[in-house]
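Summary of structural features
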Amino acid sequence: MEKIFTVAVLLISSMFFAQSNGVTGKWRTIDDETGEARAIVEIYEKSGKIYGRVMEIFAPEHKKDTCKNCSGLDANKPIVGLTIIKGLSKDGDEYNSGEIMDPKNGRHYKCSIVLKSKDKLKVRGYIGIALLGRTQYWYRVK
């Protein structure tokens, strides 16, 4: 009985450890030009797909901005709370086959994300093929 309890505790604790090392959680985005932190994006799983929504914007003058260039259901919605990553699927170590939206211009891009380390996430948005795009690195919020 003691061995079964020990094995159960080890399995449960390893599940929590594996979850803490995944792509889900809160991530600090970094501006490509200035290198400064811009926002917090929460990445979460829903129905087996990965999504990401803006939780906080650091620049006080942009905290209440709306997505003026967005279309459809996202048009003129506040950027804080907006889902910008939609429908990524796990493919080995990478999540792809979904899209990311840039709230600055309202454009949608194909997207892939890869966990580079426990606290560093590679986010790539691109048009057509992955060579034609931009990569950012986001850092886990502790």
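Check the entry above for the structure.
About the cut-offs
- Residues numbered from 1 in each chain as written.
- Predicted model: local features only at pLDDT ≥ 70, side-chain atom pairs only at ≥ 80, totals over all residues.
- Heavy atoms only, no water.
- Helix = DSSP H or I, 4+ residues; strand = E, 2+ residues; numbered from the N terminus.
- Buried < 20%, exposed > 50% of the residue type's maximum accessible area, 1.4 Å probe, protein only.
- Contact = heavy atoms within 4.5 Å.
- Areas by Shrake-Rupley, 256 points an atom, 1.4 Å probe, with all protein chains shown as cover.
- Disulfide = S-S within 2.5 Å.
- Pairing = 2+ DSSP bridges.
- Axes fitted to C-alpha atoms, helices over the stretch in contact; angles between N-to-C directions.
- Core = buried A, V, L, I, M, F, W, Y, C linked by side-chain atoms within 4.5 Å.
- Phe/Tyr/Trp six-rings, centres within 6.5 Å; stacked < 30°, edge-to-face > 60°.
- Lys NZ or Arg CZ within 6 Å of the ring centre and 35° of its normal.

Here's the deal with the overall build of the chain
Each helix and strand counted, the chain has one helix and eight strands in total. Beginning at the N terminus, the succession of helices and strands in the chain can be written as α-β-β-β-β-β-β-β-β. With 142 residues in all, the chain has 35% of them scored as buried. The long-range share in the chain, meaning contacts at least 24 apart out of those at least 6 apart in sequence, stands at 34%. Carbon together with sulfur atoms contributes 57% to the accessible area of the chain, which is approximately 9200 Å² in total.

Here's the deal with the state of the cysteines
Under the definition given, this model contains one disulfide. The disulfide partner of Cys67 is Cys70, and the S-S distance across this bridge is 1.6 Å. One disulfide, between Cys67 and Cys70, carries an S-S torsion of 55 degrees and so falls in the right-handed class. Exposure class is identical for Cys67 and Cys70. Each is buried.

Describing the sheet that holds strand S3 (residues 49-57)
Reading around the circumference, S1-S2-S3-S4-S5-S6-S7-S8 is the order of the eight strands in this closed barrel, with antiparallel pairing throughout. Sheet twist, expressed as the mean angle between neighbouring strand axes with direction ignored, is 30 degrees. Where strand S5 (residues 94-102) lies against strand S6 (residues 107-117), seven bridges are found, and the strand directions are antiparallel. Following the sheet pairing, Ile100 is matched in S6 by Tyr109.

Considering the side chain of Glu42
Tracing the sequence through the fold places Glu42 in strand S2 (residues 37-46). Those residues in contact with Glu42 that sit more than four places away from it in its chain are Gly25, Lys26, Tyr51, Gly52, Arg53 and Met55.

Quick notes on the nonpolar core
Counting residues in each nonpolar core, the largest one holds 23 residues, and the members touching the most others are Ile43, Ile113, Leu121 and Trp138. Elements represented by at least two residues in this core include exactly S2, S3, strand S4 (83-91), S5, S6 and strand S7 (120-126). Not counting chain neighbours up to four residues away, the residues in contact with Leu121 comprise Val23, Trp27, Ile43, Ile113, Val114, Leu115, Gln136, Tyr137 and Trp138.

Focus: unusual backbone geometry
Positive phi outside glycine occurs at Asn76, with the angle close to 60 degrees. Among the secondary structure elements, Asn76 is positioned in the loop between S3 and S4. You will see that Ser97, though not glycine, has its phi angle at about 65 degrees, which is positive. Looking at where Ser97 falls in the secondary structure, it is placed in strand S5. A residue is classified by how much of its surface remains accessible, and Ser97, at 62% relative accessible area, is exposed.

Remarks on the packing of aromatic side chains
A full pass over the atoms with the stated rule returns one aromatic pair. Aromatic side chains Tyr44 and Tyr51 sit 5.9 Å apart centroid to centroid with 25 degrees between the ring planes, which places their arrangement in the stacked category. For Tyr51, a relative accessible area of 21% gives the class partly exposed. A cation over an aromatic ring shows up here: Arg53 above the ring of Tyr44, its NZ or CZ 4.2 Å from the ring centre.

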